Amino acid sequence: MNEVKLATATAKDWMRQLSDQTVARYKREGLWRDRAPLDDFLEAAKRHPHKAAIVSYRKGSPLPQTVTYGQLNALIERFAGALNSLGVGKGDVVSIQLPNTWEFPALALAAMRIGAVPNPIPHIYREHELSFMLRHARSKVYIVQAQFKGFSYVELARSLSAQIDTLEQVVILHGDAAEFTSFDDHFVSTRWEFEPGLDELLSERAPKPDDPALLLFTSGTTGTPKAAIHSQNTLWSAGRPIADALRLTGDDVSFNASTVGHLTGFYWGTYLPLSLGQKIVYQDEWDARALVDMIDSEGITWTIAATPFALDMVAAQQASPRPLAQFRAFACGGAPIPPHVALLMQEFLGVELISLWGMSEVGVCTIHQIGTPIDILASSDGTPVGFMDLRIVNDDLTPVADGEEGRLQVRGPSIILGYYNQPEATMAAETADGWFDTGDLGRRTKEGGVRLTGRSKDIIVRGGQNVPVVEIEHALITHPKVKEVAVVAYPDDRMGERGCAVVVPSPGEKLTLAELSEHLQSAGLTKQFWPERLELVTELPKTPSGKVQKYVLRTQIAALGPADA
């Protein structure tokens, strides 16, 4: 393990140190393997080359593009040759910022095939975030679509390439930029697969199970992105709980709502389904009504996304009901799930909402199983994954009693190797006795599940009393005039902090703080926990995975001054 390298940095610069005994145990118990998920995909491509691998819907196009397993495998080999021709070597980082289309998996898996490390980036990020990410990762190649949703990524690429010395190549999809490499000309139209010696090179550079598989910047709910590194083995282990809980097979059809630039979209929405031999359905732009239309026509059986996507689907089905007989599971994570969402999904979509808790750095830590009674499903965010150790402790690492809130800490085979070239962050995430501190807070339920209650940095301390933020949000979201809500702290001279409810009202509705207070009173919640301020907004700032960026809200509310100003 200590020989793993990434670009110019050695393992000791960023990697968690696992003992030889721990590594041996993971392999002995089948928690790590002697193969990469990429090998599973290559075998699936040989078994059924004519099966649809990806069906890609683009906004404005009347028909989707379908790529079979055989075609995708051929494209990956061709694109690997193209990357090699651009000087991409083993351990180099290839940053890919694309919407959800067939080109993304073809390029990401091609980077793996050539021994490089793909770095998926959500398409919403702009120069401020990208200049840090590309420089920190020492990205050798940056691949981006010329335009998307009216934004010119070509102009963005020009600015970035002028700033970052280590960025040697920029590849532009579906557009002209004379100073950059054309994806259509250099990758698609050139038959690199016939280049002499390519087969031998790909065999030589094939990723090993303990090689870095993915560099992924954390979503930034705290405002400071960290460069998480998964190996092929930690990534495979991170994906197992969802496949097991949903009983996925190669006959399932996956829809990927989450951006491929995030772990959810990259791994569970792309890499895992392809390694299982499933068909994946993409939309380049989220459209709940179109998705509900295509569930039956494409035979979609499952998806994974955050709560807002689930609620959008419910609204679309309510507006125009369709048959959804094959759709059986919606794995939902990324943020605390209000209990009523599970009931809505079952009532209007006839589908099981499989709630889970996890994060980019550790994969899935808790998850419910298919067939879990809805009352238990709604009461927690899943039961602990069998091969992961989980504890809930206070600040001095003493376990708390069941039902009490504490810090969620985990150990196991799916935890990242570390934060690339951020040794302080890697060390800060690990406790003195070897547990990974997730930064999340939770409590154990009487059924043995875990209920996520918030982030350790999202606590509101009002007059010395911790406010149960998530429980307040769960109550407020049931108000008929509330579409979305986040409760955050704002400074107060007397109490230290008070709570502010930041609300996106339901369409056409007006809302007052008095109405919210009356709702919380009828729900039986302690008055001292009620928000004492209300701010109405048109949207909440979110990460690509759907998490509300509460640090942004806290900054905005603090800038407004006192509540009575």
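All chains use their own residue numbering, which begins from 1 and follows the written sequence. A pLDDT threshold of at least 70 governs which residues receive local features in this predicted model, and a stricter bar of 80 or more applies before side-chain atom pairs are shown or counted, although totals over entire chains, interfaces and linings include all residues. Side-chain metrics in this entry use all non-hydrogen atoms of the structure; hydrogen atoms and water are not considered.

**Let's talk about the overall build of the protein chain**
Numbered from the N terminus, helices here are DSSP runs of H or I no shorter than four residues, and strands are runs of E no shorter than two. Within the protein chain, the secondary structure is distributed over 18 helices and 30 strands. Relative to the compact-globule value of 24 Å for 565 residues, the protein chain shows a C-alpha radius of gyration of 23 Å, a close match. Counting only C-alpha atoms, the protein chain reaches 75 × 55 × 50 Å along its principal axes. Across the 565 residues of the protein chain, 59% fall into the buried class. Taking contacts inside the protein chain between residues at least 6 apart in sequence as the whole, the part at least 24 apart equals 69%. When the accessible area of the protein chain is evaluated, it comes to approximately 22700 Å², of which 50% is carbon and sulfur surface. Radius of gyration here is computed from C-alpha atoms only, and the compact-globule reference equals 2.2 Å multiplied by the residue count raised to the power 0.38. Relative accessibility under 20% of the residue-type maximum defines a buried residue, over 50% an exposed one, and the middle range a partly exposed one, all with a 1.4 Å probe and only protein chains included. When checking whether two residues touch, look at their non-hydrogen atoms; a contact exists if any pair is within 4.5 Å. All accessible-area figures derive from a Shrake-Rupley calculation using a 1.4 Å probe, and residue coverage is judged against the displayed protein chains alone.

**Some thoughts on the sheet that holds strand β21 (residues 389-393)**
Should DSSP find at least two bridges between two strands, the strands are regarded as paired. Strand order across the open sheet formed by four strands is β21-β22-β24-β25, with antiparallel pairing between neighbours. Strands at the two margins of the open sheet, each flanked by one partner only, are β21 and β25 (450-455). Averaged over neighbouring strand pairs, the angle between their axes works out to 45° when direction is ignored. Each axis is a line fitted through C-alpha atoms, taken for helices only over the stretch in contact, and angles between the N-to-C directions span 0 to 180 degrees.

**Overview of the side chain of Arg16**
Tracing the sequence through the fold places Arg16 in the loop between β2 (9-10) and α1 (20-28). Here a polar contact is taken to be a pair of N or O atoms separated by no more than 3.5 Å, where protein atoms must pair a possible hydrogen donor with a possible acceptor and residues adjacent in sequence count only if both atoms sit in side chains. One polar contact links the side chain of Arg16 to the main-chain carbonyl oxygen of Ile416, over a distance of 3.1 Å. If we skip the residues at most four places from it in the chain, Arg16 touches Ile415, Ile416, Leu417, Gly418, Thr426 and Glu430.

**Things to note about the packing of helix α11 (residues 288-298) against helix α12 (residues 307-319)**
At a minimum axis separation of 8 Å, α11 and α12 run at an interaxial angle of 70°. Compared by their axis directions, α11 and α12 come out roughly perpendicular. The residues of α12 that touch α11, namely those facing Ala288, Arg289, Leu291, Val292 and Ile295, are Asp312, Met313, Ala316, Gln317 and Ala319. Split into classes, the residues belonging to the contact of α11 with α12 amount to seven nonpolar, one polar and two charged. Oblique is the label for every angle not falling under 35 degrees (roughly parallel), over 145 degrees (roughly antiparallel), or within 65 to 115 degrees (roughly perpendicular). Amino acids are sorted into nonpolar (Ala, Val, Leu, Ile, Met, Phe, Trp, Tyr, Cys and Pro), charged (Asp, Glu, Lys and Arg) and polar (every other residue, Gly among them).

**Looking at helix α10 (residues 263-276)**
Turn by turn, an α-helix covers 3.6 residues, leaving residues three or four places apart pointing in a common direction. Among the 14 residues of α10, 13 are classified as buried, and the element is accordingly described as predominantly covered. At the exit of α10 stands Gly277, carrying a positive phi of roughly 85°.

**Examining the packing of aromatic side chains**
When the centres of two rings from Phe, Tyr and Trp lie within 6.5 Å, Trp using its six-membered ring, the rings pair. Their planes under 30 degrees apart give stacked, over 60 give edge-to-face, and anything left gives tilted. Under the definition given, this model contains 13 aromatic pairs. Taking the centre distance of 5.8 Å and the plane angle of 70° together, the rings of Phe79 and Phe187 count as edge-to-face. Here Phe79, found in helix α3 (residues 69-85), pairs with Phe187, found in helix α7 (residues 183-188); they are 108 residues apart in sequence, far enough to count as distant. Each of the two residues, Phe79 as well as Phe187, counts as buried. Within the aromatic cluster, the residues linked to one another by ring pairs are Phe104, Phe266, Tyr267, Trp268 and Tyr271. A ring is considered to have a charge above it if a Lys NZ or an Arg CZ atom is located within 6 Å of its centre and within 35 degrees of its normal. Note that Arg126 overlies the ring of Phe151, its terminal NZ or CZ placed 3.7 Å from the centroid. Its end group placed over the ring of Tyr490, Arg533 keeps NZ or CZ at 5.1 Å from the ring centre.

**Section: the packing of helix α16 (residues 469-476) against helix α17 (residues 513-522)**
Orientation of α16 relative to α17, taken along the N-to-C sense of each, is 105°, at an axis distance of 10 Å. Here α16 is positioned roughly perpendicular relative to α17, judged by the angle of their axes. Judged by residue contacts, Ile472, Ala475 and Leu476 of α16 engage Leu516, His519 and Leu520 from α17.

**Focus: the environment of Glu193**
With respect to the secondary-structure elements, Glu193 resides in the loop between α7 and α8 (198-205). Residues Glu193 and Leu408 lie 215 residues apart in sequence; the distance between their C-alpha atoms is 48 Å. Apart from the residues lying within four places of it in its own chain, the contact partners of Glu193 are Glu77, Arg78 and Leu198. A polar contact of 2.7 Å, which involves the side chain of Glu193, links it to the side chain of Arg78.

**Concerning the sheet that holds strand β11 (residues 181-182)**
With parallel pairing, the five strands of this open sheet are ordered in space as β6-β5-β7-β10-β11. Edge positions in the open sheet fall to β6 (117-120) and β11, since each of these has one partner strand only. Where strand β5 (residues 93-97) meets strand β7 (residues 141-145), four bridges bridge the pair, whose relative direction is parallel. Directly across from Gln97, in β7, lies its bridge partner Val144. Most of the contacts of helix α6 (residues 153-163) go to β7, to which it runs at about 160°, and overall it touches β5, β7 and β10 (169-173).

**Focus on the nonpolar core**
Ranked by size, the top nonpolar core spans 96 residues in total, and within it Phe41 and Ile242 carry the most contacts. If near-sequence neighbours (up to four positions away) are discounted, Phe41 is found in contact with Tyr69, Leu72, Asn73, Ile76, Leu109, Leu274 and Ser275. One finds Val117, Ala137, Phe148 and Leu160 within the second-largest nonpolar core, a separate group that totals 30 residues. As used in this record, nonpolar core signifies buried Ala, Val, Leu, Ile, Met, Phe, Trp, Tyr and Cys residues forming a set joined through side-chain atoms within 4.5 Å.

**Here we look at the pairing of strand β12 (residues 212-217)**
Burial of β12 is extensive: six of the six residues sit out of reach of the surface. Taken together, the five bridges between β12 and strand β13 (residues 227-231) define a ladder with antiparallel strand orientation. Paired with Leu216 across the two strands is Ala228, which belongs to β13.

**Re the pairing of strand β19 (residues 363-367)**
Counting buried residues along β19, five of its five residues qualify, which places the element largely inside the surrounding structure. For strand β18 (residues 352-359) and β19, the ladder comprises four bridges, and the chain directions are antiparallel. Bridging across to β19, Trp357 finds its partner in Thr366. Counting the residues that bridge the hairpin from β18 to β19 gives three residues. Taken together, the two bridges between β19 and strand β20 (residues 383-384) define a ladder with antiparallel strand orientation. Counted as the bridge partner of Ile367 is Thr383 from β20.

In short, shape yes, function no, at least from these values alone.
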